[in-house]
Amino acid sequence: MDYMNTPVSIIVVEDDQSLGRSLMDGLTELGFHVTWHERIQGLRTEIEQRRPNLILLDLGLPDGDGIEFLESLSMASGRPAVIVITARDRIQDKVSALGCGADDYLVKPFNFLELVARIRVQVRHQEEGSAAPTDLEIGPLTIRLLNREVMRDGELIQLSPREFDLLACLAKAAGDVVSRDQIARVVWNINLNYAGINNLIDVHMSKLREKIDRGRAEKMIQTIRGAGFALRSNDE
Ligand code: CA
């Protein structure tokens, strides 16, 4: 996972071939990361795996109705924004789509630039709604990003600035594996081509481990062979 400069990711769900293709091409050209689905089947898995920012959802699909899918989706927390794109232009259709959790509604045929403007509105809402947290809690560990303080079981742990950055880098990944390359970029602002960076990471990781995990039954900093490192707790 790359949480620096993450591109906006969009899933287009549209069974009309020419519209689906032109949406995918047009949005890709603007720098969005786009995948295109022609049916509902497989969509849920795709959403869980890709965690897109936004879904453009046609309602009349070959294997079901977009509204029903939307209803099932709106129960899940942290779901992507949904803009319904449909030929159904009755007011009841709009009301029911918005009532089922659509964030916006565009009637076909629509202007591509209007769609892009509406996508940007949704992305902006998401950014405003997800202001970065200032405290991170991972099992027994509390990390105060603003004060740069770390506590394990309420006990303050002294870290060097670099060790703190390293821990914060792992913590922000929320248990996901963070690669050496990501660590190099986030913590040292250089890439893995820099000679000696692997050694630098190892030295700091070992000091960090000693301060965070030494003498504790639960080792939170894990080495994932061939992949990188992860900060995890059994308490979660
Ligand atoms: Ca359709």
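As a reminder, the structure under discussion sits directly above these lines.
From a predicted model like this one, the values you see are computed outputs, not experimental measurements.

### A look at the pairing of strand 1 (residues 9-13)
Part 1 of the reasoning: Among the 5 residues of strand 1, 4 are classified as buried, and the element is accordingly described as predominantly covered.
Part 2 of the reasoning: The pairing of strand 1 with strand 2 (residues 33-37) spans 5 bridges and is parallel. The residue bridging Ser9 from the neighbouring strand is His33, located in strand 2.
Part 3 of the reasoning: Once the chain exits strand 1 it traverses helix 1 (residues 17-29) before rejoining the sheet at strand 2, and the crossover so formed is right-handed.
Part 4 of the reasoning: Summarising the sheet, strand 1 and strand 3 (residues 54-57) pair through 4 bridges and their orientation is parallel. Its bridge partner lying in strand 3, Val13 is registered against Leu57.

### Regarding the packing of helix 7 (residues 180-187) against helix 8 (residues 197-213)
Part 1 of the reasoning: It is the contact of helix 7 with helix 8, at a shortest axis distance of 11 Å, that shows an interaxial angle of 85 degrees. On the basis of the axis angle, helix 7 is roughly perpendicular to helix 8. On helix 8, the residues that touch Arg180, Ile183 and Ala184 of helix 7 are Ile197, Asn198 and Ile201.
Part 2 of the reasoning: For the contact of helix 7 with helix 8, the residue count by class is 4 nonpolar, 1 polar and 1 charged.

### Some points on the sheet that holds strand 7 (residues 104-107)
Within a sheet, each strand pairs with its neighbour through backbone hydrogen bonds, oriented either parallel or antiparallel.
Part 1 of the reasoning: Spatial ordering of the open sheet is given by 2-1-3-6-7, a layout of 5 strands whose pairing is parallel. If you trace the sheet from one side to the other, it starts and ends with strand 2 and strand 7, each paired once. The sheet shows a mean angle of 20 degrees between the axes of neighbouring strands, taken without regard to direction.
Part 2 of the reasoning: Contacts from helix 2 (residues 43-50) reach strand 1 and strand 2, with the element oriented near 175 degrees to strand 1.

### Side note on the sheet that holds strand 8 (residues 135-138)
Part 1 of the reasoning: Strand order across the open sheet formed by 4 strands is 8-9-10-11, with antiparallel pairing between neighbours. Both edges of this open sheet fall to strand 8 and strand 11 (155-157), since each of them pairs with a single strand only. With strand direction ignored, the average angle separating the axes of adjacent strands in the sheet is 25 degrees.
Part 2 of the reasoning: One ladder, built from 4 bridges, connects strand 9 (residues 141-144) with strand 10 (residues 149-152); its direction is antiparallel.

### A word on unusual backbone geometry
Part 1 of the reasoning: Between Lys108 and Pro109 the backbone carries a cis peptide bond, its omega angle lying at -5 degrees.
Part 2 of the reasoning: Despite not being glycine, Asp153 shows a phi value in the positive range, around 50 degrees.
Part 3 of the reasoning: Summarising the element assignment, Asp153 is placed in the loop between strand 10 and strand 11.
Part 4 of the reasoning: The class of Asp153 is exposed, set by 9 C-beta atoms lying within 10 Å.

Basis of the calculations
Residues numbered from 1 in each chain as written. Predicted model: local features only at pLDDT ≥ 70, side-chain atom pairs only at ≥ 80, totals over all residues. Buried ≥ 20, exposed ≤ 12 C-beta atoms within 10 Å, placed from the backbone. Helix = DSSP H or I, 4+ residues; strand = E, 2+ residues; numbered from the N terminus. Pairing = 2+ DSSP bridges. Right-handed = clockwise from strand over helix to strand, strands pointing away. Axes fitted to C-alpha atoms, helices over the stretch in contact; angles between N-to-C directions. Parallel < 35°, antiparallel > 145°, perpendicular 65-115°, else oblique. Contact = placed C-beta atoms within 7 Å. Nonpolar A, V, L, I, M, F, W, Y, C, P; charged D, E, K, R; others polar.

These figures capture arrangement, not role.
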